[in-house]
Amino acid sequence: MRLRLSNTQMAHMTKRQTPNPEAYQLYLKGRYFAAQFTPEGFRQAIALDPTYALAYDGMSYYYTLIEDQAEVPAEVMPKSEEAARKAIELDDSLVQPHVEQAFNYTLYDFDWPAAEREFQRAFSLNPDYAPAHEIYSWYLISQGNSEKAIQEARRGVE
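Residues numbered from 1 in each chain as written. Predicted model: local features only at pLDDT ≥ 70, side-chain atom pairs only at ≥ 80, totals over all residues. Heavy atoms only, no water.

J.: What is the right way to look at the overall build of the protein in this model?
T.: Looking only at helices and strands, the protein has nine helices and zero strands in total. The N-to-C order of helical and strand elements in the protein reads α-α-α-α-α-α-α-α-α. Here the protein holds 158 residues, and the buried ones make up 41% of them. A separation threshold of at least 6 residues defines the contact pool for the protein, and within that pool the share at least 24 residues apart is 52%. Element-wise, carbon and sulfur atoms account for 52% of the exposed surface of the protein, whose accessible area totals about 9200 Å². (Helix = DSSP H or I, 4+ residues; strand = E, 2+ residues; numbered from the N terminus. Buried < 20%, exposed > 50% of the residue type's maximum accessible area, 1.4 Å probe, protein only. Contact = heavy atoms within 4.5 Å. Areas by Shrake-Rupley, 256 points an atom, 1.4 Å probe, with all protein chains shown as cover.)

Structure below.
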């Protein structure tokens, strides 16, 4: 069996996000601890490598998690947007911060054109990124397009 990857898939496979292995380890810890509602791994990764885009995306992800669980949206969602913007500024080729920003535009700002632009950018970067399809389905529901929303949700599951 021979695997054939597109140029985009190869770029994703070979791209190094940070040359600092300790920053990468802290980022991974951040993803784990974000689910437990603490951002320390991301903060430490950013302190170690302030140009590490995924760590900023992790902070954006953290803020969207706590918005729904423990915090006042007006206090945390601007922080999520700021962190996603910083991640995109550092590396526009990452799909995750575009999805985080689309989430922010959809469920907090209600800025439909901006959300659509971020979703389309995310899909152009990685058409198979499941969270993008899941969150896009929420966006489509907000636009009254239930049929397409169901298709997107199914695509995310696939």
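What follows continues from the structure just given.
J.: Just to check I follow, could you spell out helix 3 (residues 40-48) for this structure?
T.: For an α-helix, the turn length of 3.6 residues means that residues three or four places apart are oriented alike. Among the residues making up helix 3, those that are buried are G41, F42, A45 and I46. In an axial view of helix 3, the angular spread of the buried residues amounts to 130°, which keeps them on one side of the axis. (Arc of directions from axis to C-beta.)

J.: Is there a simple way to explain the packing of helix 5 (residues 73-90) against helix 6 (residues 95-109) in this structure?
T.: When two helices pack together, you describe them by how their axes are tilted relative to each other and by the distance separating the axes. Running from amino to carboxyl end, helix 5 crosses helix 6 at an angle of 150°, the nearest separation of the two axes being 9 Å. Our classification of the angle between helix 5 and helix 6 gives roughly antiparallel. Crossing hand, helix 5 versus helix 6: left-handed. Of the residues in helix 6, those in contact with P73, A74, M77, P78, S80, E81, A84, R85, A87 and I88 of helix 5 are P97, H98, E100, Q101, F103, N104, Y108 and D109. Grouping the constituent residues of the contact of helix 5 with helix 6 by class yields ten nonpolar, four polar and four charged. (Axes fitted to C-alpha atoms, helices over the stretch in contact; angles between N-to-C directions. Parallel < 35°, antiparallel > 145°, perpendicular 65-115°, else oblique. Left-handed = near helix turned anticlockwise from the far one by under 90°. Nonpolar A, V, L, I, M, F, W, Y, C, P; charged D, E, K, R; others polar.)

J.: Sorry, what's going on with the pattern of salt bridges here?
T.: Pairs may arise between side chains of opposite charge once their charged atoms sit close together. Within this structure, the stated rule accounts for five salt bridges. Put simply, E89 and K86 hold a salt bridge, and the shortest N to O gap is 3.6 Å. Here E89 and its partner K86 are both found in helix 5, three residues apart, which amounts to about one turn of the helix. Take E89: its relative accessible area is 60%, and that puts it in the exposed class. The salt bridge involving R155 is made with D128; its shortest N-O contact spans 3.4 Å. With R155 in helix 9 (residues 146-157) and D128 in the loop between helix 7 (112-125) and helix 8 (130-142), the pair connects residues that are 27 residues apart, well separated along the chain. Accessibility expressed as a relative area gives 54% for D128, which makes it exposed. (Salt bridge = Lys/Arg side-chain N within 4 Å of Asp/Glu carboxyl O.)

J.: Mind showing me how you'd approach the side chain of D49 here?
T.: Mapped onto the fold, D49 is located in the loop between helix 3 and helix 4 (53-69). Under the relative-accessibility criterion, D49 is labelled buried at 9%.

J.: Just checking my understanding: could you explain the environment of A87 for this structure?
T.: Turning to its location among the elements, A87 is positioned in helix 5. Sequence separation of A87 and D57 is 30 residues, and the distance between their C-alpha atoms is 5.6 Å. Among residues more than four places away in sequence, those in contact with A87 are A53, Y56, D57 and P97.

J.: For this particular structure, what's the right way to read the confidence of the model for the protein?
T.: Low-pLDDT portions of the prediction should not be read for the details of their coordinates. Taken as a whole, the protein shows an average pLDDT of 86; of its residues, 85% reach a score of 70 or greater. Across the protein, element-level confidence peaks in helix 7 with a mean pLDDT of 97 and bottoms out in helix 1 (residues 7-14) with 59. (pLDDT = per-residue confidence, 0-100.)

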